[in-house]
Amino acid sequence: MGGQRLRGVIALDGPSGTGKSTAARRLAERLGAAYLDTGAMYRAATLAVLRAELDPSSPAAVPTAVAAGIAVGTDPVRPTVRLAGEDVAEEIRGPEVTGAVSAVSAHQQVRDRLVGLQRDIIHEAAAAGGIVVEGRDIGTVVAPDAPLKVYLTASDRVRAGRRDDQDRRAGRTTDLASTLVAVRRRDELDSGRAVSPLRPAADAVTLDTSELDLDGVLGALLALVAERGLAD
Ligand code: DC
């Protein structure tokens, strides 16, 4: 399958811990495509809010989040995230940002701003070939015309276990029970919010990754790409 090139946009949505990020990056690499991690943009906006010592859920946080100089690189081999030129790729994965990001991403004006930036990036990358975009609202809001939309799911226990492994590998202190509570809380916030709640697009393919390893997820995604004739 080497040498295949994606044409157009693939939208990958779903909650955290479904293997979405790794699968999206690998898929983009495999298909010679660009890769966009929209969650990293919400995380960078959240970091700007926390650095300004603002309450993430207050409307007072909105101007700071909207004006934050967020720049993301779309190379799947080395994705980058910058805030006013500073590399924040590591800091945005820390517990402070993770705990506040749902609140910041629930502000409609923040979403409008980031969705605008995301569409610009997608437009440019799609004109040059293809792009794999991961997030929560890509199939429903950001790129509703994407020719392939996949909604990844997995049981909350499996997702908490994966998040726990990830944190441990990154050298962060972990505790599976509290990770499970945090995963459930974030699911509730992301699915229950008024603006762009997490849900599959009507025409999305749902892929349950509970029993799949990375190769299994990648294989299923590549099969869908082939089925739709999206790669040359
Ligand atoms: O994928 P992630 O865990 O890095 O995403 C961080 C948060 O950002 C997540 O809690 C929900 C939010 N998010 C969003 O609201 N819309 C997106 N397209 C991507 C992420």
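Residues numbered from 1 in each chain as written. Predicted model: local features only at pLDDT ≥ 70, side-chain atom pairs only at ≥ 80, totals over all residues. Heavy atoms only, no water.

Our next topic: helix α8 (residues 176-192). With 17 residues, α8 ought to run about 24 Å at 1.5 Å a step, and its terminal C-alpha atoms sit 24 Å apart, in line with that. Residues Thr179, Leu180, Val183, Arg186, Asp187 and Asp190 constitute the buried set of α8. Relative to the axis of α8, the buried residues are bounded by an arc of 130° and lie together on one face. α8 presents Ala177, Val181, Glu188 and Gly192 as exposed residues on the side facing more than 90 degrees away from its buried surface. Residues of α8 that are buried in the fold lie against α2 (38-51), α4 (95-105) and α7 (156-169). (Helix = DSSP H or I, 4+ residues; strand = E, 2+ residues; numbered from the N terminus. Expected span 1.5 Å × (residues − 1). Buried < 20%, exposed > 50% of the residue type's maximum accessible area, 1.4 Å probe, protein only. Arc of directions from axis to C-beta. Contact = heavy atoms within 4.5 Å.)

The subject of this paragraph is the site of the ligand. Lining the immediate environment of the ligand, one finds 15 residues, of which Arg43, Arg111, Arg136, Asp137 and Arg186 sit closest. Contacts to the ligand include arginine 43, whose side-chain N or O atom sits 2.7 Å from an oxygen atom. The side chain of aspartate 137 places a nitrogen or oxygen atom 2.8 Å from a nitrogen atom of the ligand. Bound to the protein, the ligand loses 97% of the 450 Å² it would expose on its own. Mapped by element, the contributors of at least two residues to the shell around the ligand are α2, α4 and α8. Here the shell around the ligand takes four residues from α2, the largest share from any one element. Residue composition of the shell around the ligand, by class: two nonpolar, five polar and eight charged. (Near = heavy atom within 4 Å. Polar contact = N/O pair within 3.5 Å; in protein donor to acceptor, adjacent residues only side chain to side chain. Areas by Shrake-Rupley, 256 points an atom, 1.4 Å probe, with all protein chains shown as cover. Nonpolar A, V, L, I, M, F, W, Y, C, P; charged D, E, K, R; others polar.)

Here the focus is the pattern of salt bridges. All told, the structure shown has 14 salt bridges when counted by the stated rule. Linking aspartate 187 and arginine 159 is a salt bridge whose minimum nitrogen-to-oxygen distance equals 2.5 Å. Separated by 28 residues along the polypeptide, aspartate 187 in helix α8 and arginine 159 in helix α7 bring together distant segments of the chain. The exposure class of aspartate 187 is buried, given its relative accessible area of 18%. In this structure, the salt-bridge partner of arginine 172 is aspartate 167, at a minimum N-O distance of 3.3 Å. (Salt bridge = Lys/Arg side-chain N within 4 Å of Asp/Glu carboxyl O.)

With that out of the way, let us pick up the UniProt feature "domain: Cytidylate kinase" (unreviewed entry) in the protein. Within the UniProt annotation, "domain: Cytidylate kinase" (unreviewed entry) is assigned to residues 10-225. Spanning residues 10-225, this segment combines 51% helix with 15% strand, and its end C-alpha atoms are found 9 Å apart. (UniProt positions renumbered as here; feature names shortened; annotations may be inferred.)

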